[in-house]
Amino acid sequence: MKQKKRSTTTIPTTSTPGPSRDGIVIPPAPEVSEISMDTDSSTRIGSTTLTGLSGIEDISTGMTNGCSGKREKGKGLKKKMSESFIDPFDLTIDVSEEFESDYYDDDDFEPSFNFTIRPDILNFEDLPMDPISDDDDDDDDDSEDGSDIEEDDDTESTQERHFEDISRVKTDADINGLLGNKVCLTYLQQLLLLAKAKISSICHVTNCKRDIQAVTEFRGSAIYLKWVCDSGHLIYKWCSQPIMKRRLHSGDILTSAAILLSGNNHAKISLFAKILNMKIVSPSSFHKIQKHYLVPSIDEYWFQHQREILDKYRDRDIVVLGDGRMDSPGFNAQYCSYTIMENDSKDILSIVTMDKRMTERKSTNLEKACFVQSMTMLTDKDMKIGEVVTDSHLQIGAVMKRTYPDVKHSHDLWHVAKNLGNKIIQAGQDKDCRALQKWCRDIITHFWYSCKKASSYEEFLGVWCGVLHHVTDEHEWVLPYGQGSNQCDHGPLTERSEKEWLTKNGPAHVALRKIVLDKNFLKKIPYYLSFRSTAELETFQQNILMYAAKRFAYTPPVYRVRNILAALDHNVHHNRELKKNRNGEVVYHRHFHKKSGRWSATPVKIDKTYPHIADLKKRILEKRLSDHQGMQRKLELEPQDPRRLSAHLAAIPPPSTASIVQDQLSRRT
């Protein structure tokens, strides 16, 4: 074809060295100050002027927006072209210098471009052509590697975005697709074998013909594959994970969510990944994601779940079980979590956590303060509480008498029986009372029977005191105790007891009489007559250890949501059906008690399904999509956060680290 007019190109003689991309040094590219091809019309791209591409009515929109228009628009423009020898859709742009605002402060700085005319050698019809929206701008990160969270996309050229295969999560449908997708463990060498067959091994850019290599780059838990030739031409780019708003990799946020929702911590999972030689989200990125998205999402989900639970019992009198749990034994506890459970259904109605900074740094006041806050919350929500069952905590007992005199207060029989057994074992340590230890279990069983049968103090006393005669092989006596009978309720004994009978008025029998007729024990009998137990609540508190182990330290919000996760786990799983074998028989699991030295069998329930986890993950992803500021913003402490009172647990401000080290060195010498 004969050219109508010769095009002219003005290129300066000086050039700047090219940048390094993924370990490949890009050859220096000349700065193009002006390209003139025709005088009929002109189009400016950045600081570069394209003059008169004949037959082109408007190319500025497509080029300045990174060729981000739909494919149908490109076809429409092609139809308008004349017989010019240039096809603008075969025109590619490579940035010869990456523009970094941190390195260039000059307002007049203009990045140079390298224009190359090449044929459409790849089938880009099947590649995604998503435009990059303004909300993809990202914040700087202070993570260790600085590459796994909210990365800046402005350093990439517009053409690089055009030839990429990266999915983006922008809508609810994208979230559902992401959550339903499977996650696989893939080795790098296997990916490179696949990448080798993806695109031709020779660059088809005009006058290049260099070899193409697949370059890898890790960003957090994601891996990028870039097909780049020796001259630095980017052929294609692929990411192993969908990208969310502000270029946060979905694998990073979902990995962080999985760590917290499963009750793990980043240090243990990081060690697991290090041993496996696997990339995961960095510690600083995990803590940012946890603070901005995980903690608020779990709080919101719990408030909704708690409202639904309370609505079930709003119009009836309920019996609640309450018990506190310290995060460490002794008097050095930092946190206390107090749980309120409904007696019949075993649903958890409330779980409150407090820091000892909120009780003047006195750990002994934590359980009382948590109980008061829990009861206040329930009464404010118009819950009708007819009876409260707790352990024999003196401070809580005083609160019930003073603040809730109309509410019946009962003590947990499990704790009472445990303390009673400890007293019997301790009394049996004496060599003259060794026989008493063998009767410990029978005496505890008799205590449970007395509480269940009696409805008044006198009736309890009549049944309970009969144990003093039974252990001496005396099953009838002259005068009854209280309103009880003068004989045992077990009927005639047909088998000889394997245990040795105690000698009446002997050392062991006298020690037992002191325990059974103890005044402090007998005056608390009215608290036992309801026959209430918090054994199910004790089992739940063991489950808290899965989410908030006592060996690790947590910030107040994180400790709170970890207890909430344990409560959610309990509420959705405690009514599971029992597992049965093929014959329809219940499956039992046997285990040995080291303390009692005996075997026991418990029925096995079906496996947990964790139905709330999917809702929590979706809520977390939605919170990320609705975040318009990113994770670099500073969050204010919650109104009830104890760090508002003091940044440290110590009563005095900490000295400098240097002075502490110097003091330690001086003491050693």
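This structure is a prediction, so every number in the text was calculated from the model and none was measured. (Residues numbered from 1 in each chain as written. Predicted model: local features only at pLDDT ≥ 70, side-chain atom pairs only at ≥ 80, totals over all residues. Heavy atoms only, no water.)

A. Inspection of the sheet that holds strand E15 (residues 318-326) at higher detail. Spatially, the 5 strands line up as an open sheet ordered E17-E16-E15-E18-E19, and their pairing is mixed. Two strands close off the open sheet at either side, each with one partner strand: strand E17 (348-355) and strand E19 (408-411). Across this sheet, the average inter-strand angle for adjacent strands is 20°, counted without regard to direction. Here strand E18 (residues 385-390) pairs with E19 via 4 bridges, running parallel. Bridge pairing links valine 389 to serine 410 in E19. Relative to E19, helix H10 (residues 394-403) is tilted by about 165°, and along the sheet it contacts strand E16 (335-342), E18 and E19. Against the sheet, helix H19 (residues 556-573) contacts E15, E16 and E17, and its axis sits at roughly 160° relative to E17. (Pairing = 2+ DSSP bridges. Helix = DSSP H or I, 4+ residues; strand = E, 2+ residues; numbered from the N terminus. Axes fitted to C-alpha atoms, helices over the stretch in contact; angles between N-to-C directions. Contact = heavy atoms within 4.5 Å.)

B. Structural detail: the pattern of salt bridges. Tallied over the entire structure, the rule returns 18 salt bridges. Close ionic contact of lysine 312 with aspartate 347 constitutes a salt bridge, the shortest N to O distance being 3.1 Å. Pair noted here: lysine 312 is in helix H8 (residues 283-312) and aspartate 347 is in the loop between E16 and E17, with a separation of 35 residues, a long-range link. Accessibility expressed as a relative area gives 4% for aspartate 347, which makes it buried. For arginine 643, the salt bridge goes to aspartate 641, with nearest N and O atoms at 2.7 Å. If you follow the salt bridges from partner to partner, you end up with Glu217, Arg219 and Lys226 in one network. (Salt bridge = Lys/Arg side-chain N within 4 Å of Asp/Glu carboxyl O. Buried < 20%, exposed > 50% of the residue type's maximum accessible area, 1.4 Å probe, protein only.)

C. Just the side chain of glutamate 387, in detail. With respect to the element layout, glutamate 387 can be found in strand E18. For glutamate 387, a relative accessible area of 5% translates into the label buried. There is a polar contact of 3.1 Å between the side chain of glutamate 387 and the side chain of arginine 532. (Polar contact = N/O pair within 3.5 Å; in protein donor to acceptor, adjacent residues only side chain to side chain.)

D. The pairing of E17, seen in detail. Counting buried residues along E17, 8 of its 8 residues qualify, which places the element largely inside the surrounding structure. Taken together, the 7 bridges between E16 and E17 define a ladder with antiparallel strand orientation. Note on E17: the bridge partner recorded for threonine 339 is isoleucine 351. Between the end of E16 and the start of E17, which pair antiparallel, lie 5 residues, with lysine 346 showing a positive phi angle near 65°.

E. The arrangement of the environment of isoleucine 424 in detail. Within the secondary structure layout, isoleucine 424 lies in helix H11 (residues 413-427). Along the sequence, isoleucine 424 and isoleucine 515 sit 91 residues apart, while their C-alpha atoms lie 7.6 Å from each other. If we skip the residues at most four places from it in the chain, isoleucine 424 touches Leu436, Cys440, Ile443 and Ile515.

F. Representation of the pairing of strand E14 (residues 234-239) within the structure. Within E14, 5 of the 6 residues are buried, leaving the element largely enclosed by the surrounding structure. Relative to E14, strand E11 (residues 164-165) runs parallel, the two being bridged by 2 bridges. Within the sheet, the bridge partner assigned to glutamate 164 lies in E14 and is lysine 237. Judged from the 5 bridges that link them, strand E13 (residues 222-229) and E14 form a sheet pairing that is antiparallel. Bridge pairing in E14 places lysine 226 opposite lysine 237. Between the antiparallel neighbours E13 and E14 lie 4 residues, among them glycine 232 with a positive phi of about 95°.

G. Seen up close, the packing of aromatic side chains. In this structure the tally under the stated criterion is 14 aromatic pairs. Taken together, a centroid distance of 5.8 Å and an interplanar angle of 85° make the contact between tryptophan 448 and phenylalanine 531 edge-to-face. One end of the pair, tryptophan 448, is in helix H13 (residues 440-453); the other, phenylalanine 531, is in the loop between helix H17 (519-522) and helix H18 (535-547), with 83 residues separating them in the sequence. Overall, the relative accessible area of 25% leaves tryptophan 448 in the partly exposed class. (Phe/Tyr/Trp six-rings, centres within 6.5 Å; stacked < 30°, edge-to-face > 60°.)

H. Molecular detail of unusual backbone geometry. We note that asparagine 207 has phi near 60°; this positive angle belongs to a residue other than glycine. Relative to the helices and strands, asparagine 207 resides in the loop between helix H5 (188-196) and strand E12 (212-219). Relative accessible area serves as the criterion here: at 78%, asparagine 207 is assigned to the exposed category. Backbone geometry places phenylalanine 531, a non-glycine residue, at a positive phi of 55°.

I. Focus on the sheet that holds E13. Pairing within the open sheet is mixed, and its 4 strands lie in the order E11-E14-E13-E12. At either end of the open sheet lies a strand with only one pairing partner, and these are E11 and E12. Each of E12, E13 and E14 is contacted by H5, which is oriented at about 35° to E13, the strand it contacts most.

J. Layout of the side chain of serine 600. By secondary structure assignment, the location of serine 600 is in strand E21 (residues 598-603). Judged by its relative accessible area of 17%, serine 600 is buried. In terms of polar contacts, serine 600 uses its side chain to reach the side chain of histidine 593, at 2.7 Å. When residues no more than four places from it in sequence are discounted, the contact partners of serine 600 are His589, Arg590, His591 and His593.

K. Seen up close, the environment of glutamine 213. Mapped onto the elements, glutamine 213 comes out in strand E12. The class of glutamine 213 is partly exposed, set by a relative accessible area of 42%.

L. Focus on helix H9 (residues 366-380). With 15 residues, H9 extends 21 Å between its outermost C-alpha atoms, agreeing within 8% with the 21 Å of an ideal straight helix rising 1.5 Å per residue. Every buried residue belonging to H9 is among Leu366, Glu367, Cys370, Phe371, Ser374, Met375, Met377 and Leu378, and all of these are buried. One face of H9 carries all of its buried residues, which in axial projection span an arc of 160°. Where H9 is buried, its residues meet H8, E15, E16, E17, E18 and H10. Backbone geometry just downstream of H9 places aspartate 382 in the positive-phi region, at approximately 65°. (Expected span 1.5 Å × (residues − 1). Arc of directions from axis to C-beta.)

M. Representation of H13 in the model. With 14 residues, H13 should cover 20 Å at 1.5 Å per step; its first-to-last C-alpha distance of 20 Å lies within 8% of that length. Listing the buried residues of H13 in full gives Cys440, Ile443, Ile444, His446, Phe447, Ser450 and Cys451. The buried side chains of H13 occupy one side of the element, clustering within an arc of 160° when seen end-on. The exposed set on the far side of H13, more than 90 degrees from its buried face, consists of Arg441 and Lys452. Among the structural elements, H11, helix H12 (435-438), helix H14 (457-464), helix H15 (467-470), helix H16 (507-516) and H17 are those in contact with the buried residues of H13.

N. Quick look at the packing of H13 against H14. Where H13 meets H14, the closest approach of the two axes is 9 Å, and the angle between their N-to-C directions is 150°. By the criterion of interaxial angle, the relationship of H13 to H14 is roughly antiparallel. Along this stretch, H13 crosses H14, giving a crossing that reads as right-handed. Side by side, H13 and H14 meet where Ile443, His446, Phe447, Tyr449, Ser450, Cys451 and Lys453 of the first sit next to Glu459, Phe460, Val463 and Trp464 of the second. Residues that form the contact of H13 with H14 fall into these classes: 7 nonpolar, 2 polar and 2 charged. (Parallel < 35°, antiparallel > 145°, perpendicular 65-115°, else oblique. Left-handed = near helix turned anticlockwise from the far one by under 90°. Nonpolar A, V, L, I, M, F, W, Y, C, P; charged D, E, K, R; others polar.)

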